[in-house]
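Here's the letter readout for the chains.
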Amino acid sequence: MATSASSSLSKAVKQQYMELPQGDKVQAMYIWIDGTGEGLRCKTRTLDSEPKSIEELPEWNFDGSSTYQSEGSNSDMYLIPSAMFRDPFRKDPNKLVLCEVLKYNRKPAETNLRKTCNKIMEMVENQHPWFGMEQEYTILGTDGHPFGWPSNGFPGPQGPYYCGVGADKAYGRDVVEAHYRACLYAGVQICGTNAEVMPAQWEFQVGPCEGINMGDHLWAARFILHRVCEDFGVVASFDPKPIPGNWNGAGCHTNFSTKEMREDGGLKFIEESIEKLGKRHDYHIRAYDPKGGLDNARRLTGRHETSNIHEFSAGVANRGASIRIPRTVGQDKKGYFEDRRPSANCDPYAVTEALIRTCLLSEEGDEPMDYKN
């Protein structure tokens, strides 16, 4: 298997140093989204004491010309701490710090979608919007070939791999188990995991999270996955269609509900939301991957458990629809619905914001409304 050279470095030797006492100092790893809207970057600073809240974390900066975020002649960007997690790699009292990025003029960077998402979430906080996102991903070797696949061919066709067990069905479970435990330690709201339909493809679920927490927790979970894969010498890919042809793509199905939907008779509000979504399909497709729908076009073909990107559809227990109402929700007449359109590499801030704008703020048309302060 094509694993990275760093994965063969002695982890036992490293552990010898990681066990050294660090005194009163704390290592805080600042994490941010780079100019691609998909890539994550990180760097660490020393703090004099353990921060108890976001407010205790200092702002920082970085060179945006090296992250596709600014020109070299004016390259300083600001890191604004936004969410804090325990660090599962360095352990307590050390922290992972998810940051928003601001430009030199203190305006949000182009790929800082958290700022407007947070503003929209605050407008509807009395409706208590809950989200759960199902993050699919593929484990690759460093050569870009799916982990465990024959080097010059393909494994057997799909069928035995989904939720499979055994060395011939589950490729890379060590990564999955390590990631799950690391997320629990960090305080990420991870709620499950399973092997997916394509071999070497897996899924983890994050939620239920209220409001802005959805995006924060999913980005933190993605960062932790990349770091775990780094230790194992493999790569986590969120490409929506990593292998062309008769193989399942990778999505990030998004479950959504409000307080009204979760209460008796909530199905009425679910159906109203789906009707609004049906009138705004193109807007959502553009918001559901970082390339405005181009990435999803490779995945949403109407085959391999997807809807067609050009058509909106909804149905109970239908995995080939844009929107699926779970069968139990149809029976109980309350609960949530699942939007199956977001791609694996979507920005959760963009997805959750779009759902709120359409379903709760009743926006229409191809562009988001600009709400002045």
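Rules used in this analysis
Residues numbered from 1 in each chain as written. Predicted model: local features only at pLDDT ≥ 70, side-chain atom pairs only at ≥ 80, totals over all residues. Heavy atoms only, no water. Core = buried A, V, L, I, M, F, W, Y, C linked by side-chain atoms within 4.5 Å. Buried < 20%, exposed > 50% of the residue type's maximum accessible area, 1.4 Å probe, protein only. Helix = DSSP H or I, 4+ residues; strand = E, 2+ residues; numbered from the N terminus. Phe/Tyr/Trp six-rings, centres within 6.5 Å; stacked < 30°, edge-to-face > 60°. Lys NZ or Arg CZ within 6 Å of the ring centre and 35° of its normal. UniProt positions renumbered as here; feature names shortened; annotations may be inferred. Pairing = 2+ DSSP bridges. Patch = residues over 30% accessible without salt bridge, like charges linked within 9 Å, V, L, I, M, F, W, Y side chains within 5 Å. Areas by Shrake-Rupley, 256 points an atom, 1.4 Å probe, with all protein chains shown as cover. Salt bridge = Lys/Arg side-chain N within 4 Å of Asp/Glu carboxyl O. Axes fitted to C-alpha atoms, helices over the stretch in contact; angles between N-to-C directions.

A. Structural view of the nonpolar core. Tyr137, Val188, Ile224, Phe256, Phe337 and Leu355 are the most contacted members of the largest nonpolar core, which totals 69 residues. A total of ten residues in this core trace back to one element, the largest contributor, which is helix H4 (residues 213-232).

B. Expanded view of the packing of aromatic side chains. Summed over the entire model, instances satisfying the criterion amount to ten aromatic pairs. Both rings, one in tyrosine 137 and one in phenylalanine 238, keep their centres 6.5 Å apart while their planes meet at 65°; by these two values the pair is edge-to-face. Here the residue tyrosine 137 occupies a position in strand E6 (residues 130-140), and phenylalanine 238 occupies one in the loop between strand E9 (235-237) and strand E10 (252-257), the gap between them amounting to 101 residues. For the pair formed by tyrosine 137 and phenylalanine 238, the shared burial category is buried. Connected via pairs of aromatic rings, a cluster forms that spans Phe131, Phe256 and Phe337. In this arrangement the basic side chain of arginine 222 is found over the ring face of tryptophan 219, its NZ or CZ atom lying 4.7 Å from the centre. The ring of tyrosine 283 carries arginine 280 above its face, with NZ or CZ at 3.8 Å from the centroid.

C. View of the UniProt feature "domain: GS beta-grasp" (unreviewed entry) in the protein. As annotated in UniProt, the feature "domain: GS beta-grasp" (unreviewed entry) corresponds to residues 24-106 in the numbering used here. Annotated as residues 24-106, this span is 0% helix and 47% strand, and its ends, taken at the C-alpha atoms, are 33 Å apart.

D. Structural view of the pairing of strand E8 (residues 201-210). Here E8 lies mainly inside the structure; eight of its ten residues are buried. Here E6 runs beside E8; their pairing, made up of eight bridges, is antiparallel. The residue bridging glutamine 135 from the neighbouring strand is phenylalanine 204, located in E8. The sheet contact formed by strand E7 (residues 190-195) and E8 spans five bridges and is antiparallel. Bridged to alanine 195 within E8 is tryptophan 202.

E. Examining a nonpolar patch on the surface more closely. A cluster of nonpolar side chains, Val13, Tyr17 and Leu20, forms an exposed patch at the surface whose accessible area comes to about 320 Å². You can call leucine 20 exposed: its relative accessible area is 52%.

F. Spotlight on the sheet that holds strand E1 (residues 26-33). If you trace the five strands from one edge of the open sheet to the other, you get E2-E1-E5-E4-E3, paired in mixed fashion. Of all the strands in the sheet, just strand E2 (40-47) and strand E3 (60-63) have a single pairing partner and so form its edges. Direction aside, neighbouring strands of the sheet carry axes that sit 40° apart on average. Relative to E2, E1 runs antiparallel, the two being bridged by eight bridges. If you follow tryptophan 32 over to E2, its bridge partner there is arginine 41.

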